[in-house]
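# Observations on the model geometry
Below, each chain spelled out in residue letters.
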Amino acid sequence: MPSSRSLAALTGIALLGVALTACQDQASGQIVARRDGRIVQNLTNPPSHGCHRFPEGVTQVTNQTQSSLLLYPTPDCTVPAGGQSVFLDIGATDQVATSAGQWNSFSFAPE
């Protein structure tokens, strides 16, 4: 029976590898977006690639994921002329300045 145990162990290792690879496309944790004190969006384990649009403009974002974020005033994760994105580190909360408007999208910062 040693060969069947080895085969079972190899199969288990292969399945674990596939599961871990699949998880790399998601940011582990939660992002909470608020506007006027109310929660607008609560994302759990969001995809870590691409641009993510908030359903409406938000004024506060809490990053409880294991990755840093970039917040944008535009809906398509672009920086407008004369504007800038805001870096939000792991475990941090940021509130937009009143004069800056609102955040409309975010992406994950490159590592």
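A brief look at the structure comes next. Please read these numbers as outputs of a predicted model, since none were measured by experiment.

Thresholds, definitions, all that
Residues numbered from 1 in each chain as written. Predicted model: local features only at pLDDT ≥ 70, side-chain atom pairs only at ≥ 80, totals over all residues. Heavy atoms only, no water. Salt bridge = Lys/Arg side-chain N within 4 Å of Asp/Glu carboxyl O. Helix = DSSP H or I, 4+ residues; strand = E, 2+ residues; numbered from the N terminus. Buried < 20%, exposed > 50% of the residue type's maximum accessible area, 1.4 Å probe, protein only. Pairing = 2+ DSSP bridges.

Okay, the pattern of salt bridges next. Scanning the entire structure with this criterion turns up two salt bridges. The closest approach of N and O atoms between E56 and R35, which form a salt bridge, is 3.5 Å. Of the two residues, E56 is situated in strand β3 (residues 52-58) and R35 in strand β1 (residues 29-35); the sequence distance between them amounts to 21 residues. Classification of E56 as partly exposed rests on a relative accessible area of 29%. Close ionic contact of R38 with E56 constitutes a salt bridge, the shortest N to O distance being 2.7 Å. Residue R38 is found in strand β2 (residues 38-44), and its partner E56 is found in strand β3; the two are separated by 18 residues along the sequence. If you follow the salt bridges from partner to partner, you end up with R35, R38 and E56 in one network.

Our focus in this paragraph is the pairing of strand β8 (residues 103-108). Here β8 lies mainly inside the structure; five of its six residues are buried. Pairing analysis gives three bridges linking β3 to β8, with the strands arranged antiparallel. Paired with R53 across the bridge in β8 is S105. Strand direction decides the pairing type here: strand β5 (residues 69-72) and β8, joined by four bridges, are antiparallel. Across the sheet, residue L69 finds its bridge partner in β8, namely F108.

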